[in-house]
Amino acid sequence: MSSTEPTKIENLRKKAIKYLWHLLGAPYLWAGDSPLEGFDCSGLQIEVLQAVGILPHNFDSTAHDLYLKFIDYKVEKPYAGCLVFWFRDGRAIHVEMLIDDSLVIGASGGGSSVKTLRDAIRQNAFVKMRPLKYRGENFKIIDPFLSLMK
């Protein structure tokens, strides 16, 4: 898409957030990208962005590579549809999506040891809603929907 009108972008943003709500409670799975089997943090956000046409079907990435893909669309204030990236040692290590200006939904509670549904249950790892600052304030906010205005 190029030069997409603002109304269409806002409609896609709303659809993405609605879809994200439907994935709430899905299990966490390291390297996961499936609504049926589970998601890791980047797999969840990629699924949502693919569903509304922001990313191509075959796109796969880590949180850091997803950050680099949309780095030109940083914003200062949080609002619905933005991706929030948390950092360690200069690399994005986690990503979630804002559903309003203070709450995020993301796949969390797991890590590389979560490879099965049983692991996810044992570690309380699933798609969750949390306050924006629950992981701390070392984050950056990016609006991937702005990429449609190119």
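Scroll up for the structure.
Residues numbered from 1 in each chain as written. Predicted model: local features only at pLDDT ≥ 70, side-chain atom pairs only at ≥ 80, totals over all residues. Heavy atoms only, no water.

Q: What am I meant to see in the pairing of strand E4 (residues 83-88) here?
A: The side chains of a regular strand alternate, first on one face of the sheet and then on the other. A large share of E4 lies buried, amounting to five of its six residues. Sheet topology places E4 next to strand E5 (residues 91-98); six bridges connect them, and they run antiparallel. The partner of Leu83 across the bridge, within E5, is Met97. Turn length for the E4-E5 hairpin, with the two strands adjacent in sequence and antiparallel, is two residues, and the turn residue Asp89 shows positive phi of about 55°. (Buried < 20%, exposed > 50% of the residue type's maximum accessible area, 1.4 Å probe, protein only. Helix = DSSP H or I, 4+ residues; strand = E, 2+ residues; numbered from the N terminus. Pairing = 2+ DSSP bridges.)

Q: In this structure, what is going on with the pairing of E5? I would like to understand it.
A: Burial analysis of E5 places six of its eight residues in the buried class, which makes it a mostly covered element. In the sheet, E5 pairs with strand E6 (residues 103-108) via two bridges, with the strands oriented antiparallel. By the bridge assignment, Met97 is partnered in E6 with Ile105.

Q: Would you mind going over helix H2 (residues 41-51) with me for this structure?
A: Within H2, nine of the eleven residues are buried, which leaves it mostly tucked inside the rest of the structure. Positive backbone phi, at 85°, marks Gly53, one or two positions downstream of H2.

Q: Before we go on, may I ask you to explain the nonpolar core in this structure?
A: The nonpolar side chains of a soluble globular protein tend to be buried, and buried together. Residues Leu49, Leu66, Phe70, Phe85 and Phe145 are the most contacted members of the largest nonpolar core, which totals 39 residues. Of all elements in the fold, only helix H1 (6-22), H2, helix H3 (63-69), E4, E5 and E6 reach the threshold of two or more residues within this core. Ignoring anything within four residues of it in the chain, the contact list for Phe70 reads Leu49, Ile54, Leu55, Ile142, Pro144 and Ser147. Listed in part, the nine residues of the second largest apolar core include Val75, Val104, Phe139 and Ile141. (Core = buried A, V, L, I, M, F, W, Y, C linked by side-chain atoms within 4.5 Å. Contact = heavy atoms within 4.5 Å.)

Q: Just checking my understanding: could you explain the packing of H1 against H2 for this structure?
A: Packed helices, taken two at a time, are described by their axes: the angle between them and the distance between them. Where H1 contacts H2, the two axes come as close as 9 Å, and the packing angle between them is 135°. Viewed along their axes, H1 and H2 adopt a mutual orientation that is oblique. In the packing of H1 onto H2, the handedness of the crossing is right-handed. The residues of H2 that touch H1, namely those facing Ala16, Tyr19 and Leu20, are Leu44, Gln45, Glu47, Val48 and Ala51. Taken together, the residues of the contact of H1 with H2 sort by class into six nonpolar, one polar and one charged. (Axes fitted to C-alpha atoms, helices over the stretch in contact; angles between N-to-C directions. Parallel < 35°, antiparallel > 145°, perpendicular 65-115°, else oblique. Left-handed = near helix turned anticlockwise from the far one by under 90°. Nonpolar A, V, L, I, M, F, W, Y, C, P; charged D, E, K, R; others polar.)

Q: Honestly, the packing of aromatic side chains in this entry has me stumped. Any pointers?
A: Here a ring pair, both rings aromatic, is described through the centre-centre distance and the interplanar angle of the planes. On inspection of all chains with the given rule, the structure shows four aromatic pairs. Ring centres 5.0 Å apart and planes at 85° place the aromatic pair Tyr67 and Phe87 in the edge-to-face group. Of the two residues, Tyr67 is situated in helix H3 and Phe87 in strand E4; the sequence distance between them amounts to 20 residues. No difference in accessibility class separates Tyr67 from Phe87, as the two residues are buried. Through a chain of ring-to-ring contacts, the aromatic side chains of Tyr67, Phe85 and Phe87 assemble into a single cluster. Taking the ring centre of Phe70 as reference, the NZ or CZ of Lys69 above it sits at 5.9 Å. (Phe/Tyr/Trp six-rings, centres within 6.5 Å; stacked < 30°, edge-to-face > 60°. Lys NZ or Arg CZ within 6 Å of the ring centre and 35° of its normal.)

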